[in-house]
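Remarks on the overall topology
In case you want the letters, here they are:
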Amino acid sequence: VIELLADPRRQLPYTDPDGRAVHIACGAALFNLRLAAAVAGREAVARLLPDPASPLLLARVRFGGPYRAGHSERELSAAIGRRRTNRQPFSDRPVPPGVLAELAAAAKLEGAILHFPGHGEAARLLHLAGDAELVQLADPAYRTELAHWAGGQRGRDGIPATALGPVPAGSVTPVRDFTPWQPPAARSARFEASPQLAVLSVRHGGRPGWLRAGQALERVLLTATTAGVAASPITSPLETGDQWLIRGPRSGIERPQMILRLGYGPPVQASSPRRPVSDILDQS
């Protein structure tokens, strides 16, 4: 049995006061664990939030009998180490409909929905993200949190400067500005004219929905990696109480959990630091 627990010391109090992002991140790790077990030849059965008295215990995974991983699972497992968040400008080359269909199918396998908004709806979401980021940047608490977790050299946590991208030269905001204290002119670049967005949603919110969204997100991102498609998240509207505005006219009661920007960009060599396994694994 492996138990997955949240680490409250790494929850961001300003942008993630309810722990939604923590649950999504841990859900992604849970999917990787399930995938690793499958490739190792064991069936993994995960139970979400198994103990109401232990809120930090997010999942308990039991390993059953022999399991034969399929070609798709082996491909996804091989992509774990290659997956990167790509914050660079993408080309104007469109993502083929067949690849988008594969990504939507990946989300569906984990009980989530992946929508691809049209041009007008995508423009609305980008402006929503830009407005949300302006609200955040006006708050000193957000800027302090941002400086603590992004930029510079990072040994164990956060996003190093080498993994950050430029900021858009125009008004469209497909990427977050992680270093607003630096002059924008020296960091600006031309981004794609019409970013391909995807909105990942679940039927029900709350902690179980967040964990399911994290598993779906990781399956989608690994599927994109195997297809050679770059991805970066757009999360600012989800951090400012504007989550309900993300829902499109056809999304009904779905609960949006992530906006992704998809496309084709330069390869990302740098990766964010990871803590050693000994720091996060207790074998008692």
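This write-up is about the structure you can find in this document.

The rules behind the values
The written sequence of each chain sets the order in which its residues are numbered from 1. Local features in this predicted model are restricted to residues whose pLDDT is 70 or higher, and side-chain atom pairs enter the listing and the counts only when it is 80 or higher, whereas totals over whole chains, interfaces and linings include all residues. Remark: hydrogens and water are excluded; side-chain values derive from all non-hydrogen atoms of the structure. Any carboxyl oxygen of Asp or Glu that lies within 4 Å of a side-chain nitrogen of Lys or Arg is treated as forming a salt bridge with it. In DSSP terms, a helix is any run of H or I states spanning at least four residues, a strand is any run of E spanning at least two, and both are numbered starting from the N terminus. Type-normalised accessible area, obtained with a 1.4 Å probe on protein chains alone, sets the label of each residue: buried when under 20%, exposed when over 50%, and partly exposed for intermediate values. Axes here refer to lines fitted to C-alpha atoms; in helices the fit is confined to the stretch in contact. Angles between the N-to-C directions go from 0 to 180 degrees. Put simply, angles under 35 degrees are roughly parallel, angles over 145 are roughly antiparallel, angles from 65 to 115 are roughly perpendicular, and the rest are oblique. Should the near helix be turned counterclockwise from the far one by less than a right angle, the crossing is left-handed, whereas a clockwise turn marks it as right-handed. For this analysis, residues touch if any pair of their heavy atoms sits within 4.5 Å. Note on residue classes: Ala, Val, Leu, Ile, Met, Phe, Trp, Tyr, Cys and Pro are nonpolar, Asp, Glu, Lys and Arg are charged, and everything else, Gly too, is polar. How far a helix is expected to stretch is found by multiplying one less than its residue total by 1.5 Å. Throughout, the arc means that of the directions going from the helix axis to the C-beta atoms. Strands are treated as partners if at least two bridges between them are detected by DSSP.

1. As for the pattern of salt bridges
Applying the stated criterion across every chain yields a total of 15 salt bridges. For the salt bridge of R60 with E3, the shortest nitrogen-to-oxygen distance reads 2.7 Å. Of this pair, R60 sits in strand β3 (residues 57-66) while E3 sits in strand β1 (residues 2-5), and the two are 57 residues apart along the sequence. Classification of E3 by relative accessible area gives partly exposed; the value is 40%. Among the salt bridges present, the one from D279 reaches R156, with a minimum N-O distance of 1.9 Å. With D279 in helix α8 (residues 277-280) and R156 in the loop between α5 (140-149) and β5 (167-168), the pair connects residues that are 123 residues apart, well separated along the chain. Linked by salt bridges that have partners in common, D7, R9, R10, D157 and R275 make up one network.

2. Some points on the packing of helix α1 (residues 20-39) against helix α2 (residues 71-79)
Where α1 meets α2, the axes come as close as 9 Å, and the angle between the chain directions of the two elements is 125 degrees. Relative to α2, α1 is oriented oblique. At the point where α1 passes α2, the crossing takes the left-handed sense. Every residue of α2 that contacts α1 at F31, L35, A38 and V39 is listed here: E73, R74, L76 and S77. In the contact of α1 with α2, the residues fall into five nonpolar, one polar and two charged.

3. Some points on helix α6 (residues 206-226)
Taking 1.5 Å per residue, 21 residues should reach 30 Å; α6 reaches 30 Å between its end C-alpha atoms and fits that length. Summarising burial for α6: 16 of the 21 residues are buried, a large majority.

4. Comments concerning α2
What α2 keeps buried is the set E73, L76 and A79. Considered in projection along α2, the buried side chains sweep an arc of 125 degrees and stay on one side of the axis. Where α2 is buried, its residues contact α1 and α6.

5. So, the sheet that holds strand β4 (residues 112-115)
Taking strand neighbours across the sheet as the criterion, the four strands line up as β4-β7-β9-β8 in an open arrangement whose pairing is antiparallel. Edge strands, defined here as strands with exactly one partner in the open sheet, are β4 and β8 (230-234). Ignoring which end each strand starts from, the neighbouring axes of this sheet average 30 degrees apart. The pairing of strand β7 (residues 196-202) with strand β9 (residues 255-263) spans seven bridges and is antiparallel. Following the sheet pairing, V199 is matched in β9 by I259.

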